[in-house]
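Here is how the chains run, residue by residue.
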Amino acid sequence: MSQKIINHQMIIDGKYTNSITEKTIEIECPANKRIFATVPRGNEADVDIAVKSSLKAFRSWSKVMPKERGKILLQICLLYTSDAADEGLGVDLGGRRII
């Protein structure tokens, strides 16, 4: 039986992207040693792009009131944990899913 391998990407400047080099790291399940996912093998150039993007985004983000930022971050967290649960990611500890 062949297992589906999930190919993850980085999010830089609000877009899903691979590493500039297109290199990846295979993620192995410690229980059975099977590869179940890949993630981009980011390098210095990827970091430079991400930092430049974050500095640009910070200009507008820093003008958002802290209470509103908290609401936005909570929504992102809820979306992320929902997606992770749909993909079977994370660890379930007594009915609470920990990412």
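So, here is what we can say about the structure in this document. Keep in mind it's a predicted model, so treat the numbers as computed, not measured.

The rules behind these values
- Residues numbered from 1 in each chain as written.
- Predicted model: local features only at pLDDT ≥ 70, side-chain atom pairs only at ≥ 80, totals over all residues.
- Heavy atoms only, no water.
- Salt bridge = Lys/Arg side-chain N within 4 Å of Asp/Glu carboxyl O.
- Buried < 20%, exposed > 50% of the residue type's maximum accessible area, 1.4 Å probe, protein only.
- Pairing = 2+ DSSP bridges.
- Helix = DSSP H or I, 4+ residues; strand = E, 2+ residues; numbered from the N terminus.
- Expected span 1.5 Å × (residues − 1).
- Polar contact = N/O pair within 3.5 Å; in protein donor to acceptor, adjacent residues only side chain to side chain.

**Thoughts on the pattern of salt bridges**
Working step 1: For the structure shown, the criterion picks out three salt bridges.
Working step 2: The partner of Asp13 in a salt bridge is Lys15, with the nearest N and O atoms 3.4 Å apart.
Working step 3: Residue classification places Asp13 among the partly exposed positions, given a relative accessible area of 37%.
Working step 4: A single network of salt bridges, built from pairs that share partners, joins Asp13, Lys15 and Lys56.

**Observations regarding the pairing of strand β4 (residues 24-28)**
Walk down a regular strand and you will see the side chains alternate between the two sheet faces.
Working step 1: Strand direction decides the pairing type here: β4 and strand β5 (residues 35-40), joined by five bridges, are antiparallel. Note that in β5 the partner of Glu28 across the bridge is Ile35.
Working step 2: The hairpin formed by β4 and β5 contains six residues between the paired strands, and Lys33 there has a positive phi angle of roughly 65°.

**Focus on helix α1 (residues 44-61)**
Working step 1: With 18 residues, α1 should cover 26 Å at 1.5 Å per step; its first-to-last C-alpha distance of 25 Å lies within 8% of that length.
Working step 2: Near the N-terminus of α1, the side chain that reaches the backbone nitrogen of Ala45, with its oxygen 3.0 Å away, is that of Asn43.

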